[in-house]
Amino acid sequence: MTKAPCWPDGKTRCFWANPKNEKYVAYHDREWGVPQRDDGKLFEMLLLECFQAGLSWECVLNKRESFRRAFDGFDWKLVASYGDEKIEELKNDPGIIRNGLKIRAAVTNAHVFAEIREEYGTFANYLWGWTNGGTVRETGKSSSPLSDAVSKDLKKRGMKFVGTTVVYAYLQAVGVIQSHEKGCFLAG
């Protein structure tokens, strides 16, 4: 993999960080790969990663605040309560990705998220239990045995749009998998 050039601020970042998009750079620098144990944040990232399926993360990131508004601040309890009227409203919201299957999946996934919380105390306990609380360090992948296993379990529980590639991206986003590239100032 080609090492990204040094940026005007003197830092070298992962090749995918778009220097022309301030939101993307801020996401790379402050969020991506930071170990996350807050269930609210874990649900937010799960919802957004599921909407990313088949699209670019930059597309979803650029609509993040519209998603936050449309999905009641990413409150899984509220999202789990959405009925047909709210789903139709979301399908007509130009600020978000208006894919009906993904919108319905967000509601289904909120139910499953709540069930996992009930079983494990927190969703973080469930998620970090896959690695005994540790972070896996790897780069250059889009899936792994870990994402395969988590994906399989989430699907068995009823979640949608949680294939191994989506789950891998999610695990990277929330810091279970640390994937900052060699040379990136955050690679550690």
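Not measured: the values here are computed from a predicted model.

Each value, and the rule that gives it
Residues numbered from 1 in each chain as written. Predicted model: local features only at pLDDT ≥ 70, side-chain atom pairs only at ≥ 80, totals over all residues. Heavy atoms only, no water. Core = buried A, V, L, I, M, F, W, Y, C linked by side-chain atoms within 4.5 Å. Buried < 20%, exposed > 50% of the residue type's maximum accessible area, 1.4 Å probe, protein only. Helix = DSSP H or I, 4+ residues; strand = E, 2+ residues; numbered from the N terminus. Contact = heavy atoms within 4.5 Å. Expected span 1.5 Å × (residues − 1). Polar contact = N/O pair within 3.5 Å; in protein donor to acceptor, adjacent residues only side chain to side chain. Phe/Tyr/Trp six-rings, centres within 6.5 Å; stacked < 30°, edge-to-face > 60°. Lys NZ or Arg CZ within 6 Å of the ring centre and 35° of its normal.

Novice: I'd like a rundown of the nonpolar core, residues and numbers included.
Specialist: By size, the foremost hydrophobic cluster in this structure holds 55 residues, and its most contacted members are Leu47, Phe67, Phe71, Phe123, Leu127 and Met159. Considering each element in turn, this core owes the most residues, 8 residues, to helix H2 (residues 39-52). Setting aside residues up to four positions removed in sequence, Phe71 forms contacts with Leu47, Phe51, Val79, Tyr82, Leu90, Ile96 and Ala106.

Novice: Got a sec to walk through helix H7 (residues 100-120)? Specific residues and values, please.
Specialist: Spacing of three or four residues puts side chains on the same side of an α-helix, whose turn is 3.6 residues. The end-to-end C-alpha distance of H7, which contains 21 residues, comes to 30 Å, matching closely the 30 Å that a straight helix rising 1.5 Å per residue would cover. Each element contacted by the buried residues of H7 is listed here: H2, helix H5 (76-80), helix H6 (84-91), helix H8 (123-129) and helix H9 (145-157). Capping the start of H7 is the job of one residue whose side-chain oxygen sits 2.9 Å from the backbone nitrogen of Leu101: Asn99. Following H7 by one or two positions, Gly121 has its phi on the positive side, about 90°.

Novice: Kindly report on the packing of aromatic side chains, identifying the contributing residues and their values.
Specialist: Ring pairs (aromatic) are described by centroid distance and by the angle formed between their planes. Evaluation of the coordinates by the stated rule reveals 13 aromatic pairs. Ring centres of Phe51 and Phe71 lie 5.8 Å apart, and the angle between their planes is 65°; this geometry places the pair in the edge-to-face category. Linking Phe51 in helix H2 with Phe71 in the loop between helix H4 (64-70) and H5, this pair joins segments that are 20 residues apart in sequence. An identical accessibility class is assigned to Phe51 and Phe71; each is buried. Counting every residue linked through ring pairs, the aromatic cluster contains Phe43, Trp76, Phe113, Tyr120, Phe123, Tyr126 and Trp130. The ring of Trp76 has Lys77 sitting right over it, with the charged end atom 5.2 Å from the ring centre. Looking at Lys86, its charged tip hangs above the ring of Tyr82, at a distance of 5.1 Å from the centre.

Novice: Describe the environment of Gly40, listing the residues and the values that go with them.
Specialist: Following the sequence through the fold, Gly40 ends up in helix H2. A C-alpha to C-alpha distance of 7.7 Å links Gly40 and Trp76, two positions 36 residues apart in sequence.

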